[in-house]
Amino acid sequence: MTGLFVLFIYVGIFVGSFFVVTKVIDRATAKDFTSLKTVTFGDESAVRPNRIAGVLSILTIFLIWGMFTGSSLLPKFLHAPGPFVGTLEFTYTAEADGQRDDGTVTVVIYPRDSETEAPEVDPGDGFAKNDSSAIAKWRTGLVRVDANDEIKKKDGAEVVAINGQPIARGETVKIENGTVTLSDKGTPNLAPYRGWQMEPLYLPAPETVWSRTLQVVSEGFRSFTLWEHLGYSLFRVIAGFLLGALVGIPLGYAMGLSDWFRGWFDPIVEFMRPVPPLALIPLVIIWFGIGETGKIILLFLAALWIMAIASRSGVSGVNISKVHAAYSLGASKWQIMRHVIVPNSLPEIFTGARVAMGVCWGTVVAAELVAAEQGAGMMIMVASRFQNTDIVILGIILIGVIGFGIDMLMRWAERLLVPWKGKA
Amino acid sequence: MSGLSLQDISMRFDLPNGSAVQALENVSLDLKPGELMSVLGPSGCGKTTLLNIVAGFLAQTSGKLVLNDHEIHGPDAERGMVFQKGALFEWMSVRDNVGFGPSMKGMPRGEKAKIVDHLLDVVGLQDFKEKAVYELSGGMQQRVALARCLANDPDVILMDEPLGALDALTREKMQSLVLKLWKETGKTIILITHSVEEALLLGERLIVMAPRPGRIHKEYRLPFAELGVGADLREVKKHPEFGPKRDEILAMIWDMEEEIMGRTEEAS
Ligand SMILES: Nc1ncnc2c1ncn2[C@@H]1O[C@H](COP(=O)(O)OP(=O)(O)OP(=O)(O)O)[C@@H](O)[C@H]1O
Ligand SMILES: [Mg+2]
């Protein structure tokens, strides 16, 4: 239900901002030459990401996050209705030995961080006495209304109505700011109004995640600092990737240059390629344990096949005219290797390296989820066990940011080192 | 005897499905040092195959190839090649592309730089020395390819449709450049082209090849290349013999193409 509501708001903002930005703001801004193209629909080169849309997209996510967590960063009127907090009253009617009597129940619904005692109430007259109770917000509570009554449930008393509306075991009656359900054993169970917001246990507010970030940054998590956790993950990725490249690239070259190597390793590479590295985790743990060795070997295997295949296709992708030209210019085999085949394959190898780094980053997090003493994956796994959802979200954000950063770094290196990519 | 000699060259491609293509049959030719020969012929008549055999990229199934009194086996720096496109090294600057051959020989830097500078002057690319080759236009790239080939000082230059990918105007300028380089360097040149005019302009000798099996159909000796050196090629085309020769050869190739089409129609 809430999910559908969130979707409506999201689509609403998407469509609304589209009209506002494209029809109103873009009119007023200067045009470049692509706007002179009459055919833009279907012309991929005319489609460039709209910067305003990018910014709004991120803001929308934070807006909706804040709305449905009651974030203090947003003005109150933007919040989705929250759970009921305050005092709530209902009356119950008990029946015993053919006679009926009413009692009033007063319940205090208190915010989580300020535990409150049940209020003192005047017991009133009749055999059904008035009751009181206290429930934390988001929670429901059984109210043992017969506990102080003169005739108790075990003596044959039975609740037959709530706020004058008749009720039987298993049935529900609506009251102001909540519902009362008579349990199978005949005790009223009060469920105060929950509202539309998410419980912090499921989704903490953005500022909670932020303050938890500051706390983890200064105090660390599980006897390692945040930088140590991230550093361990990065170290494993880089070590595994480098080893994979160190073996994979020469292997790919050999496969691209020699029939025998191609024939020998093709079945192995083609078989290992579709095996997701995650499927190797159990075997690697059995063989090498949960220490660094196992993780680095896992990442080595993840990077190895990707790098071998990339450099193999880099070698076979060389335009035969270039090789012929080099031979005619008097180059030896070794010189052709060094001056033609290697530089020609570098763009492919870089593409492979980008993919491999991405896969390694994903694999290291998964491996740390399974078993580790430190690392980004271990952080979110342990945090989720202790229901520290804020740390889980913090971890997910950090993992995403670092993965993105790795990719940007690889692209930057690619532009710097192989400027001829795609220019052949 | 010096020069290039092709003696009864035949080439048969055995296809994996058991059939075979006779790409060349008993092709014999003698080229004196410094001769410029153009090769014409309908598509698929074996021009590229012939050039690849001379370059040493393919081994003929029978026959003998002799250059300057030794037999040819495999590629060598004595036979330079200019490709239609895509054979420059994108990862090197214009200067390094041109200097590739001398570098491979281990020529000292100073000597190499002199050769490269001279050739870049000749092809008019001195200002583009430090540029990456993919930053140049198609015509400029072909000039780099020519310079790279010349830097190696080969005895024979083989060109497979070197100007095929250029626009008409650039092409005309490049034709003049080829003639100029031929005259200045005195290299033996074999040039494959699809343009009859180009073949007439750039061939002291011109051979027309016929397909299935690939063979030499007719050979001409022409005055136009000599006339074209340092002259306006448009003027050369006004020579009284130029028009009739062009029409004759066009008709010849046209007939061959017709025959091929007829044969494929029968086959299907
Ligand atoms: N590697 C090969 N395997 C099989 N057949 C080949 C091979 N190379 C060329 N051929 C065949 O040999 C014949 C001559 O080919 P070639 O490429 O030499 O023709 P061409 O005269 O250069 O044609 P074009 O003018 O189109 O470049 C063609 O019938 C072609 O199909
Ligand atoms: Mg050809």
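Residues numbered from 1 in each chain as written. Chains lettered and ligands numbered in written order. Predicted model: local features only at pLDDT ≥ 70, side-chain atom pairs only at ≥ 80, totals over all residues. Heavy atoms only, no water.

A. A look at the overall build of chain A. Each helix and strand in chain A was counted, giving eleven helices and nine strands. Against the compact-globule benchmark of 22 Å for 424 residues, chain A has a radius of gyration of 33 Å, which places it well outside the compact range. Projecting the C-alpha coordinates of chain A onto the three principal axes gives extents of approximately 115 × 65 × 40 Å. In chain A, which comprises 424 residues, the proportion classed as buried is 41%. For chain A, restricting intrachain contacts to residue pairs at least 6 apart in sequence, the fraction spanning at least 24 positions comes to 66%. Surface exposure of chain A reaches about 23600 Å², of which carbon and sulfur atoms provide 65%. (Helix = DSSP H or I, 4+ residues; strand = E, 2+ residues; numbered from the N terminus. Rg over C-alpha atoms; globule rule 2.2 N^0.38 Å. Buried < 20%, exposed > 50% of the residue type's maximum accessible area, 1.4 Å probe, protein only. Contact = heavy atoms within 4.5 Å. Areas by Shrake-Rupley, 256 points an atom, 1.4 Å probe, with all protein chains shown as cover.)

B. Spotlight on the site of ligand 1. Residues and elements named next belong to chain B. With respect to spatial proximity, 13 residues lie near ligand 1, and among them Ser-43, Lys-47, Thr-48, Thr-49 and His-194 are the closest. Within the side chain of Ser-43, one N or O atom sits 2.5 Å away from an oxygen atom of ligand 1. Take Gly-44: an N or O atom from its main chain is 2.8 Å from an oxygen atom of ligand 1. Among the secondary structure elements, those contributing two or more residues to the shell around ligand 1 are strand E2 (20-31) and helix H1 (47-55). Looking at which element gives the most residues to the shell around ligand 1, the answer is H1, with three residues. Split into classes, the residues belonging to the shell around ligand 1 amount to five nonpolar, six polar and two charged. (Near = heavy atom within 4 Å. Polar contact = N/O pair within 3.5 Å; in protein donor to acceptor, adjacent residues only side chain to side chain. Nonpolar A, V, L, I, M, F, W, Y, C, P; charged D, E, K, R; others polar.)

C. Representation of the domain arrangement of chain B within the structure. All names here are of chain B. In terms of domain boundaries, chain B breaks down into domain 1 (1-68 + 157-162 + 173-194 + 201-209) and domain 2 (85-154). In this structure, domain 1 and domain 2 have C-alpha centres spaced 24 Å apart. In this complex, domain 1 contributes eleven residues to the contact, which on the side of domain 2 involves ten residues. Each partner contributes to the roughly 880 Å² buried at the junction of domain 1 and domain 2, and carbon and sulfur atoms together form 76% of this total. Between the two partners, domain 1 and domain 2, sit one salt bridge. Here Lys-187 and Asp-153 are joined by a salt bridge, their closest N and O atoms 2.3 Å apart. Applying the counting rule to domain 1 against domain 2 returns four residue pairs in polar contact (both at pLDDT 80 or more). Counting residues per element, the ones that place at least two in the side of domain 1 that touches domain 2 are strand E7 (156-160) and helix H6 (168-185). Residues that form the side of domain 1 that touches domain 2 fall into these classes: seven nonpolar, one polar and three charged. (Domains from an automatic or database assignment. Buried area = accessible area lost by both parts, 1.4 Å probe. Salt bridge = Lys/Arg side-chain N within 4 Å of Asp/Glu carboxyl O.)

D. Representation of unusual backbone geometry within the structure. A cis geometry characterises the amide bond from Arg212(B) onward to Pro213(B), with omega recorded as -10 degrees. Its identity is not glycine, yet Asn163(A) carries a phi of approximately 50 degrees, on the positive side. Inspection of the secondary structure puts Asn163(A) in the loop between strand E5 (158-162) and strand E6 (165-166). On the basis of relative accessible area, Asn163(A) is assigned to the partly exposed category, the value being 35%. Positive phi values are uncommon outside glycine, yet Asp69(B) reaches one of about 70 degrees. Judged by relative accessible area, Asp69(B) falls into the exposed class, the value being 55%.

E. View of the sheet that holds E6(A). All names here are of chain A. One open sheet holds the five strands; their spatial order is E3-E2-E1-E5-E6, and the pairing between them is mixed. A single partner strand is all that each edge strand has here, and the edge strands are strand E3 (131-136) and E6. Relative to E3, strand E2 (residues 99-110) runs parallel, the two sharing six bridges. Bridging across to E3, Thr-106 finds its partner in Ser-132. (Pairing = 2+ DSSP bridges.)

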